[in-house]
Every structure is written in structure tokens, then in C-alpha cells.
Amino acid sequence: MTKNIRFMETVLRDGQQSLIATRMHTKDMLPIIKAMDNAGYAALEVWGGATFDACVRYLNEDPWERLRAIKKLAKNTPLQMLLRGQNLLGYRHYADDVVAEFVKKSVENGIDIVRIFDALNDTRNIEVAIKATKEAGGHAQAALSYTTSPVHTVDYFVNLAKDLADMGADSICIKDMAGVLTPQACFDLVSRIKQTITLPLQVHTHATSGISEMTYLKAAEAGADIIDTAISPFAGGTSQPATASVALALEDLGFETGLNMEKISEIADHFRPLRDQYRAEGLLDPKVQDTEPRTLIYQVPGGMLSNLLSQLKEKGLEDLYDEVLAEIPRVRKDLGYPPLVTPLSQMVGTQAMLNIVIGERYKMIPNEIKDYVRGKYGKAPVPIAIDIQQLIIGDEEPMTIRPADLIPNELPTLREEIKQYAKSDEDVLLYAMFPQLGMDFLGRREDPFYDVPIQSVNVSIDM
Ligand code: CO
């Protein structure tokens, strides 16, 4: 019996997001889309995550226009996007009407597969987006935000996969945004999920800690259907492992990949000079291509390690680095073991730093942490202990309902607010994701005298 494993190419989304902070221009993508479309990929990840934000914030590009332009050239291969559940592509919870409209418009403009995740694995934050995707005629892929902790056992993730399948997911993804999924853990998880549910299973990891190829080998052996890789010039480090390398090794082991290796090499030839150009411009920091095994030791994403170190250095407190690292797992335990993904990774890191720098735990507490304990982000993986809760929000009663249940429909208001510049439903949604940036973008487009320059400040999002 032939063994099959298929590939999703991430260069246009996660690959470039991880290595060059999502600064790739549409014009650099379009000439190679036809070749990518004929290379035999299971899907091309082209949209969502930080691409939408970067288009509007830095590139002065219309993200919807990018999607339509890619779709025009990719006739055979499904296009995929990443969606943060009820947060969509923005930084807050949206009302259900915005979620439904955003997903519908994404599918209408060219997305075939929507990968939906929630940072806390709170399925209530995923459900509306799954339903909307299916109603729009798209494929809803539900993702498990992978992390390690005493509660994040194989059973935990298998049950989560079952719940998501029951909600109507068309496929499941094990999403290891931090690169902490080890080969054996991957083998156990894939085997158990495949034994439990019949849906296609995709595995997503990052090369940060240096073990991702081994993890994918075990994923393939355990029967995963699709793995996520990046074309070689945009592979390695905080990105995915290289498409051709993983494909050649797996084919040598008897797997059918369905990839046309000549096309893959043509695609690499296209992106190599671009990579060199981004490097010359300073957008590709050599640090992001480092191998960082400490990620496995501390169970902390590589980006979070370097952020903490640079923040401590700025204050001349780098000698506290080890103490802060040791405080992270304690804060995480206090908060019910949230996965260390955006925005929780930044929040937990900040709280750990405050606890150590001030010398007294929870003397100073950022509002985001208070909101998290109030339940505004969703359910913590395990309930937060009552003494910690009281320390952080006093006698306030945390909410137990779905956060979006408190948000009335907001599309009519959004339409009204941006009617001066919005020419389409897509424009309204762009404004909904990033109110100020969106208004500036649309304003520049519609009004020759609109005088707000394009931003150049860095934001960091890991996914
Ligand atoms: Co990722």
C-alpha cells in the first residue's frame, strides 16, 4: 500500500510572517503563483494571520485585492487562510455578525480553507467561525493550539479534536506555533486522533528548536494527511522546515507527496533573490534563522525568549533573565496554563517580568491580565485558583458566558462610522479589523488631501 503525505506551502503567509515580519509585497508574489498552483500542493497558505495587518499598516496594499489577484492565478490549488476565531484578524472579540460577514467575504474573494484557532482552545470562540465558513461554502479547518502543561495531555487534545469534529469541522490541525512539539509527542497525538476521528489531519510546526523535520517524519509515520512547509529560501529558524528537503526525505522513505520537484525548484529560484533583497534591506534579521533548543527546555516560544531579553537589556536588568524565565511557568500555572501564543505569550511574559523586577508577585498587574482573569478572553484551560483570582481582580465576579455574547451586532455601526471612505463591504471589514489604520488606509485611497503617513513601527505576533 502506498503511503501518502501532502504539503501545504506557507511562504506567502507564515513563512514570510515568521522571517520578514510579513513585509512581502503582492508584486513579489504574483509572478510565481502559476508555478505554485501547478506544483502539487494540497493548499497554499496565502492570507490571514498578520498579512492583513501588514498590508494596511506597512505596505499600503489592499489585502482583499491581494487575495483576488492570487485567486485569479491559482485555479487548481485551494487557498488557505489563518483566522483567530472570534478575534478574526484583529485584536479584540468581534460580534457574531462581523465574524459571519468576514468569513463570508473571505470565501467570496477566494479563500477555500479557513484554519480557525483560539489561543485558549475555548471552542466557544471557534464555533461561530466554523459555522460561517461552512455556510459560505468553505472548508472549515479547526486547529488545536498545541502547548505543554500538566493539563495538556494527549487525552486533552483528543477530546478537543472530538469536540471540534462535533461542531462541524471539516478537518483538524495540530498547530504548534511555538515549535515545542517533539517527534514522539507528535506521533502519539496524530495516532490517537486518527484512531478517534475520521477527519483529515494536518500538522503545523516551526523549525525554531531544530527538531521540526523529525516531528514531521513521525507525523507522516503516524498517518497525518498534510504537513506545513516553506519553500527553502523562506524556511528554517522561526519559519517552517523546507518543502523540498522534507519532501525528498519522505519520498525516499516510500511516501507519495504528489509534488512536482521541478516546479518546487523553480519556486525556490523565484524566492531566493527576494530573500537576499530582504536581507540586504535589513528586514530579514539573521537571528530569526537561529536554532533555539532553549525553546524545548523552557517550553517558551523563541520569539518570547528574545523579546524578554531585549526588554530586560533596555532597563539594564539582563542579569534577571534566568529568574524571569523561571517565573514564567509559575505565572502560567497561576493563570490556569494558558498556551503561550499571542496575546497570552506577551501577557504572561510581562507579568513574569513585573513579578521579578518589582520583587513582589502581582504587586503590579497589567489590565490585559485582569481582563483574562475576568474571563474576557474565554475560559482558562483549568480554572484559576480562587486566591490568585482575588489577588488579581479582588471580589469582582469573573464572567462565565462566551465573551462575544456580550457584544451586540456591530456591522450597522461600523458601516455608519466609515461610510465616508468605504466603497464596499470589504472596506467596512478592513475598517472593523483596524479602526485607525483602516480609516487611514481608506482615507489615503479616497481623499487626495488625507495626510496621514504609512506607519513604520514594528508589531510582533507569533503564530
Ligand atoms: Co505558525
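It should be emphasised that the depicted structure is a prediction, and the values quoted were computed from it without experimental measurement.

### Quick notes on the packing of aromatic side chains
The description of an aromatic ring pair uses the distance of the two centres, along with the angle that the planes make with each other. Scanning the model with the defined rule gives 14 aromatic pairs in all. Between Tyr421 and Tyr450 the ring centres are 5.5 Å apart and the planes differ by 90 degrees, which places this aromatic pair in the edge-to-face class. Of the two residues, Tyr421 sits in the loop between helix H18 (411-417) and helix H19 (425-433) while Tyr450 sits in the segment after helix H20 (435-446), which places them 29 residues apart along the sequence. Neither Tyr421 nor Tyr450 differs from the other in exposure class; each is buried. Taken together, the ring pairs in this structure connect Trp47, Phe52, Trp64, Tyr91, Phe102 and Phe434 into an aromatic cluster. When the ring centre of Tyr58 is taken as reference, the NZ or CZ atom of Arg23 above it lies at 3.6 Å. The ring of Phe187 carries Lys218 above its face, with NZ or CZ at 5.1 Å from the centroid.

### Re the confidence of the model for the protein chain
Predicted confidence across the protein chain gives a mean pLDDT of 94, with 98% of residues reaching 70 or more. Here residues 457-463 is a poorly scored stretch, pLDDT under 50, and it has 33 contacts once near neighbours within four places are set aside; other chains count.

### A short note on the sheet that holds strand S9 (residues 226-229)
The sheet built from eight strands closes into a barrel, its strands ordered S2-S3-S4-S5-S6-S7-S8-S9 with parallel pairing. In this sheet, neighbouring strand axes are inclined to one another by 30 degrees on average, regardless of whether the strands run parallel or antiparallel. One ladder, built from four bridges, connects strand S2 (residues 6-9) with S9; its direction is parallel. Its bridge partner being in S9, Arg6 is matched across the sheet by Ile226. In the packing of helix H8 (residues 183-196) onto the sheet, contacts are made with strand S6 (139-145), strand S7 (171-175) and strand S8 (201-204), and the angle to S8 comes to roughly 160 degrees.

Conventions adopted
Residues numbered from 1 in each chain as written. Predicted model: local features only at pLDDT ≥ 70, side-chain atom pairs only at ≥ 80, totals over all residues. Heavy atoms only, no water. Phe/Tyr/Trp six-rings, centres within 6.5 Å; stacked < 30°, edge-to-face > 60°. Helix = DSSP H or I, 4+ residues; strand = E, 2+ residues; numbered from the N terminus. Buried < 20%, exposed > 50% of the residue type's maximum accessible area, 1.4 Å probe, protein only. Lys NZ or Arg CZ within 6 Å of the ring centre and 35° of its normal. pLDDT = per-residue confidence, 0-100. Contact = heavy atoms within 4.5 Å. Pairing = 2+ DSSP bridges. Axes fitted to C-alpha atoms, helices over the stretch in contact; angles between N-to-C directions.

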